[in-house]
Amino acid sequence: MIENFQFYLDKGMVKKTAPNKESAAALMSRAYARLGYVRAQKIGKDTAPFIFEGTYEVLREASQALMELKGYKPYSHEAQISFLREFCGFPQHLISTFDRLRILRNKCMYGAAHISPETCKEALGFAVSFLPELKKRFEEETKS
């Protein structure tokens, strides 16, 4: 369950820092480069877990880019999702999907859970549609 953002601050899972536009821009650029890379890969039974991990990382990097603009350094993936919900106002269905991918990624990384090609394709489709939304917020923030 994703807690409110203050919870993560209080627990030290997010640190307040100075906003860092350069780091934020590099993270967003890297997210797009990574998306290009994972989209070019052939999704199959053996490759799906690795492509899925890369796809999740696209979303994580872009989320962290938004946090860097506001002067936050995350030490928790849950905190990043909470930040998107509270500071960016993304709808709950997007937040829920991102959180579901976070849980699957953890099961894949630390529990050797199977990621099917279908699940991988679904995650990639989500990243392809959500990344431009993250970038739009990023650009709005850099203009203000």
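Note: the structure precedes this text.
Numbering of residues starts from 1 in every chain and runs along the sequence as written. Per-residue local features of the predicted model are confined to residues with pLDDT of at least 70, and side-chain atom pairs are confined, for both listing and counting, to 80 or more; whole-chain, interface and lining totals are unaffected and use all residues. Side-chain metrics in this entry use all non-hydrogen atoms of the structure; hydrogen atoms and water are not considered.

Draft legend 1. Representation of the packing of helix α4 (residues 77-87) against helix α5 (residues 92-111). As a packed pair, α4 and α5 sit with axes 10 Å apart at the nearest point and diverge in direction by 175°. By the angle between their axes, α4 is roughly antiparallel relative to α5. Residues His 77, Glu 78, Ile 81, Leu 84 and Arg 85 of α4 pack against Gln 92, Ile 95, Phe 98, Asp 99, Arg 102 and Arg 105 of α5. Basically, the charged four are Asp, Glu, Lys and Arg, the nonpolar ten are Ala, Val, Leu, Ile, Met, Phe, Trp, Tyr, Cys and Pro, and anything else, Gly included, counts as polar. Considering only residue class, the contact of α4 with α5 consists of four nonpolar, two polar and five charged. Angles run from 0 to 180 degrees between N-to-C directions of axes, and those axes are lines fitted to C-alpha atoms, restricted for helices to the stretch in contact. Each helix is a run of DSSP H or I of at least 4 residues and each strand a run of E of at least 2, with the numbering of both proceeding from the N terminus. Working definition: roughly parallel below 35 degrees, roughly antiparallel above 145 degrees, roughly perpendicular at 65 to 115 degrees, and oblique for all remaining angles. By the convention used here, residues are in contact when the closest approach between their heavy atoms is within 4.5 Å.

Draft legend 2. Representation of the packing of aromatic side chains within the structure. Aromatic pairing here means that ring centres of Phe, Tyr or Trp (its six-membered ring) are within 6.5 Å. Orientation follows from the plane angle: under 30 degrees is stacked, over 60 is edge-to-face, and everything else is tilted. Inspection of every chain in the model, using the stated rule, returns 11 aromatic pairs. Their ring planes at 65° and their centres at 5.7 Å tell us that Phe 5 and Phe 83 sit as a pair that is edge-to-face. A residue pair is termed long-range when its members are at least 10 positions apart, and Phe 5 in helix α1 (residues 5-10) and Phe 83 in helix α4 qualify at 78 residues. Relative accessibility decides the category of a residue: with a 1.4 Å probe and only protein chains considered, values under 20% of the type maximum give buried, values over 50% give exposed, and everything between is partly exposed. A residue is classified by how much of its surface remains accessible, and Phe 5, at 2% relative accessible area, is buried. In this structure Phe 83 comes out as buried when scored by relative accessible area, which is 1%. When the centroid spacing of 5.0 Å and the interplanar angle of 75° are considered together, the rings of Phe 90 and Phe 130 count as edge-to-face. Residue Phe 90 is found in the loop between α4 and α5, and its partner Phe 130 is found in helix α6 (residues 117-143); the two are separated by 40 residues along the sequence. A residue is classified by how much of its surface remains accessible, and Phe 90, at 5% relative accessible area, is buried. Pairwise contacts between aromatic rings join Tyr 56, Phe 90, Phe 98, Phe 126 and Phe 130 into one cluster. The rule for a charge over a ring is simple: NZ of Lys or CZ of Arg within 6 Å of the ring centre, and within 35 degrees of the ring normal. Across the ring face of Tyr 72, the terminal group of Lys 16 is positioned such that the distance to the ring centre comes to 4.4 Å.

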